[in-house]
Amino acid sequence: AAALLAAEQEVENLSGLSPNPEKDIFVVRENRTTCLMAEFAAKFIVPYDVWASNYVDLITEQADIPLSRGADMKGKCGTNESELEISWLEQAYTLKLFFLKEGHNTSRGQEAFWRLSRIQFTYDTAERTYFKDAVSPGKHTASSHRLSALVTPAGKSYECQARQTISLISSDHQKSVQLLLSEVRVQPFDITADFVFSEEHKCPVDQREQFEETLPLILGLILGLVIVITLCVYHIHHKLTANQVQIPRDRSQYKHMG
């Protein structure tokens, strides 16, 4: 059964299709149908301890670890739960994203949403590309706590161009690891067309930025409309008053009328 499942599942790293070298694209397919798609740029900021120059005290350094192109990946698709796992630099770094679909009671009744429910990031401070002379090098795991992110109505994809920061707590003395996500487009459920995202649900930051960009245009249109209406009213008023017959106040002028 496991061999059959492996044969029916396909995972593809399509990051080479993105013009942004920092952006990765991942697709999970089951039974020749796309069931999960994710594209985003990601970077981890990981604090770690090194010896001070006196070799007595410890000081904290910071490693900036980008998600590398060409990473290995695997995924799981389910009706209400989906997963995406990405590993790079010979398994030195592994990112796991867990998605959950559930119902909520709203004023309009029961509605279904999906969300990013958990993040797990495993890293090895013995890896020398990003960690330099770490004290007691070894593997650590940073995890989210009560996460509810990327909340999206069921049947839609989540889109957010703005940078988002998610904090993870590490097994390395409870240090705080920061995950920076940007240019995100994700859909872990209900994909109706192969390799095609469903209608997007924009994050609040993008919605606000879009409104701020269109606000000057809206105000300009309103101002232009007010000017046009004012000119029209003035023109009509001027035309009506010009056509009115001026009645002479001096009765001696009545003989000249007619």
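For the structure, see preceding data.
Everything in this summary refers to the structure shown in the same document. (Residues numbered from 1 in each chain as written. Predicted model: local features only at pLDDT ≥ 70, side-chain atom pairs only at ≥ 80, totals over all residues. Heavy atoms only, no water.)

Considering the overall build of the protein
The secondary structure content of the protein amounts to two helices and 14 strands. Relative to its 258 residues, the protein shows a buried fraction of 37%. Counting only contacts in the protein whose residues sit at least 6 apart along the sequence, the fraction spanning at least 24 positions is 53%. (Helix = DSSP H or I, 4+ residues; strand = E, 2+ residues; numbered from the N terminus. Buried < 20%, exposed > 50% of the residue type's maximum accessible area, 1.4 Å probe, protein only. Contact = heavy atoms within 4.5 Å.)

So, unusual backbone geometry
A negative phi holds for most residues other than glycine; trans holds for most peptide bonds. The residue Gln 91 is not glycine, and still its phi comes out positive at about 70 degrees. Topologically, Gln 91 is positioned in the loop between β6 (81-88) and β7 (93-106). The backbone phi angle of Asp 190 is positive, close to 60 degrees, even though this residue is not glycine. Here Asp 190 shows up in the loop between β13 (176-187) and β14 (200-202). Overall, the relative accessible area of 36% leaves Asp 190 in the partly exposed class.

What about the side chain of Asp 172?
Among the secondary structure elements, Asp 172 is positioned in the loop between β12 (164-170) and β13. The class for Asp 172 is buried, based on a relative accessible area of 8%. At a separation of 2.8 Å, a polar atom in the side chain of Asp 172 contacts the side chain of His 173. Setting aside anything within four residues of it in sequence, one finds Asp 172 in contact with Pro 47, Tyr 123 and His 140. (Polar contact = N/O pair within 3.5 Å; in protein donor to acceptor, adjacent residues only side chain to side chain.)

So, the layout of surface pockets
There is about 170 Å³ of room inside the largest pocket. Asn 20, Glu 22, Ala 41, Ala 42, Lys 43, Pro 66, Leu 67, Arg 163, Leu 180, Ser 182 and Glu 183 are the residues that line the largest pocket. (1 Å grid on protein atoms, 1.4 Å probe; cavity = no way out; pocket = protein on both sides within 12 Å on 5 of 7 lines; lining within 4 Å. Points joined across faces, edges and corners; volume = space filled by probe spheres on them.)

With respect to a nonpolar patch on the surface
On the surface, a cluster of nonpolar side chains totalling about 380 Å² of accessible area is made up of Trp 51, Tyr 55 and Leu 58. Mapped onto the elements, Tyr 55 comes out in the loop between β3 (33-51) and β4 (58-66). Residue classification places Tyr 55 among the exposed residues on the basis of a relative accessible area of 65%. (Patch = residues over 30% accessible without salt bridge, like charges linked within 9 Å, V, L, I, M, F, W, Y side chains within 5 Å. Areas by Shrake-Rupley, 256 points an atom, 1.4 Å probe, with all protein chains shown as cover. Salt bridge = Lys/Arg side-chain N within 4 Å of Asp/Glu carboxyl O.)

Brief notes about the nonpolar core
Ranked by size, the top nonpolar core spans 47 residues in total, and within it Phe 40, Phe 44 and Trp 88 carry the most contacts. Ranked by residue count, the leading element in this core is β3, at nine residues. Apart from residues lying up to four places away in sequence, Phe 44 is in contact with Ala 63, Asp 64, Ile 65, Trp 88, Leu 95, Phe 121, Leu 168, Val 177, Gln 178 and Leu 179. (Core = buried A, V, L, I, M, F, W, Y, C linked by side-chain atoms within 4.5 Å.)

Quick word on the packing of aromatic side chains
Inspection of the entire model under this criterion finds 12 aromatic pairs. An angle of 65 degrees between the planes, with centres 6.1 Å apart, marks the rings of Tyr 93 and Tyr 130 as edge-to-face. Of this pair, Tyr 93 sits in strand β7 while Tyr 130 is found in the loop between β8 (109-124) and β9 (139-143), placing the two residues 37 residues apart along the sequence. Taking the relative accessible area as the measure of exposure, Tyr 130 reaches 22% and is therefore partly exposed. Taken together, Phe 44, Tyr 48, Trp 88, Tyr 93, Phe 121, Tyr 123, Tyr 130 and Phe 131 form an aromatic cluster joined through their ring pairs. (Phe/Tyr/Trp six-rings, centres within 6.5 Å; stacked < 30°, edge-to-face > 60°.)

Concerning empty space enclosed by the protein
Throughout the structure, instances matching the rule amount to one cavity of 30 Å³ or more. The computed volume of the largest cavity comes to approximately 70 Å³. Those elements that provide at least two residues to the lining of the largest cavity are β3, β7 and β13. Ranked by residue count, the leading element in the lining of the largest cavity is β13, at four residues. For the lining of the largest cavity, the per-class residue count stands at 11 nonpolar, no polar and no charged. (Nonpolar A, V, L, I, M, F, W, Y, C, P; charged D, E, K, R; others polar.)

Here's the deal with the state of the cysteines
Here a disulfide denotes a covalent bond joining the sulfur atom of one cysteine to the sulfur atom of another. A complete count under the given rule lists two disulfides for this structure. Residue pairing for Cys 35: its cysteine sulfur links by disulfide to Cys 77, the two sulfurs lying 2.0 Å apart. Residues Cys 35 and Cys 77 are joined by a disulfide whose S-S torsion is about 75 degrees; by sign, that bridge is right-handed. Here Cys 35 is found in strand β3, whereas its partner Cys 77 is found in the loop between β5 (72-76) and β6, with 42 residues between them in sequence. (Disulfide = S-S within 2.5 Å.)

Overview of the pairing of β9
A one-sided burial pattern is seen for β9, the buried positions being His 140 and Ala 142 and the unburied ones Lys 139, Thr 141 and Ser 143. Relative to β9, β8 is paired through five bridges, and the arrangement is antiparallel. In the strand pairing of β9, Thr 122 is matched with Thr 141. With two bridges connecting them, β9 and β12 associate as antiparallel partners. By the bridge assignment, Ser 143 is partnered in β12 with Ile 169. (Pairing = 2+ DSSP bridges.)

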